[in-house]
Amino acid sequence: MADLKTDWYGNTKGNGKIQGNVLDTNIAIPESLGGSGEGSDPKELLAASAAACYTTTLVHMLETRKLPVAKFTMDSKATNSKEEGLKIVHYPHITLSADATEEQSQSANRAIESADRSCAVGNIIKKGGAQVIIEGKVSIL
C-alpha cells in the first residue's frame, strides 16, 4: 500500500509536492500546457513508476539466476501521440563480468523479456491500452 500526501501551491502556474513513506517529489503542470513546469508531470511520473517496477523486477530475476552482473543501466522514454497513444520504451543494458558465459548472456536476455511479462505496473499500463516496449541489450566486459 502507498500512502501519499499531496500539497498544491498557487494556481495553474503554481506547483506542488507529493510525499510518501520514501517518495518526495515536486509536481507541476508542464509549461507547454500553461503551467510552471517546475516539477514532474503525470506522464513523467507514470513512466518513472513503470521504470521502477521493471527495474526492480529485472534485478530480482538477474539475482535469482545468479548472473555475474557488473553493471545495469536503463533509459526510458515516454511519448504520447494521437496516432500511437501513450508509449513507454525501456532500454535496459546489462553488462556481465568478463568471465560470463554465452549461456549466462542468453539467460540475461531471457530475464529482460520475463521481467516485462512480470512487471505489475507495466501490465496495468498495457491493460489501459498503452504500449510498453522493451529494447534490451546484454554485453560482456
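What you see is a predicted model, and the numbers here were worked out from it, not measured in a lab.

Student: Kindly report on the packing of helix α2 (residues 102–118) against helix α3 (residues 120–127), identifying the contributing residues and their values.
Tutor: Closest axis-to-axis distance for the α2/α3 pair is 6 Å, and the angle between their directions is 60°. Of the residues in α3, those in contact with D116, R117 and S118 of α2 are A120, N123 and K126. Taken together, the residues that form the contact of α2 with α3 break down as 1 nonpolar, 2 polar and 3 charged.

Student: Could you give me a rundown of the pattern of salt bridges, with the residues and numbers involved?
Tutor: Inspection of the entire model under this criterion finds 4 salt bridges. A salt bridge links D7 to K5; the shortest N-O distance between them is 2.9 Å. Residue D7 is classed as partly exposed on the basis of its relative accessible area of 23%. You can call K5 partly exposed: its relative accessible area is 46%. For K126, the salt bridge goes to D116, with nearest N and O atoms at 2.9 Å. With K126 in helix α3 and D116 in helix α2, the pair connects residues that are 10 residues apart, well separated along the chain. K126 gets classed as partly exposed once you look at its relative accessible area, which sits at 29%.

Student: Before we move on, could you go through the sheet that holds strand β2 (residues 15–19) and cite the residues and values that matter?
Tutor: Ordered in space as β1-β2-β3, the 3 strands form an open sheet in which the pairing is antiparallel. Every interior strand has two partners, whereas the edge strands, β1 (5–9) and β3 (24–27), have only one. In this sheet, adjacent strand axes meet at a mean angle of 20° when their direction is disregarded. When β1 meets β2, the two strands line up antiparallel, connected through 5 bridges. Bridge assignment links K5 to a residue of β2, and that residue is Q19.

Student: Talk me through the state of the cysteines; I want residue IDs and the actual numbers.
Tutor: Evaluated as defined, the whole model comprises 1 disulfide. There is a disulfide in this structure between C53 and C119, and the S-S distance comes to 2.4 Å. Note that C53 is positioned in helix α1 (residues 42–64) and C119 in the loop between α2 and α3, a separation of 66 residues in sequence. Since its relative accessible area comes to 14%, C53 is described here as buried.

Student: Describe unusual backbone geometry, naming the residues involved and giving the relevant values.
Tutor: Phi is positive for K66, which is not a glycine, with a value near 55°. Tracing the backbone shows K66 in the loop between α1 and β4 (69–81). For K66, a relative accessible area of 69% translates into the label exposed.

Student: An account of the pairing of β3 is requested, with residue identities and associated values reported.
Tutor: Taking every second residue as pointing to the same face, the buried face of β3 carries T25 and I27, while none of D24 and N26 on the other face is buried. With 4 bridges joining them, β2 and β3 adopt antiparallel strand pairing. Bridge pairing in β3 links Q19 to D24. Here β2 folds back onto β3, and the loop between the two strands holds 4 residues.

Thresholds, definitions, all that
- Residues numbered from 1 in each chain as written.
- Predicted model: local features only at pLDDT ≥ 70, side-chain atom pairs only at ≥ 80, totals over all residues.
- Heavy atoms only, no water.
- Axes fitted to C-alpha atoms, helices over the stretch in contact; angles between N-to-C directions.
- Helix = DSSP H or I, 4+ residues; strand = E, 2+ residues; numbered from the N terminus.
- Contact = heavy atoms within 4.5 Å.
- Nonpolar A, V, L, I, M, F, W, Y, C, P; charged D, E, K, R; others polar.
- Salt bridge = Lys/Arg side-chain N within 4 Å of Asp/Glu carboxyl O.
- Buried < 20%, exposed > 50% of the residue type's maximum accessible area, 1.4 Å probe, protein only.
- Pairing = 2+ DSSP bridges.
- Disulfide = S-S within 2.5 Å.

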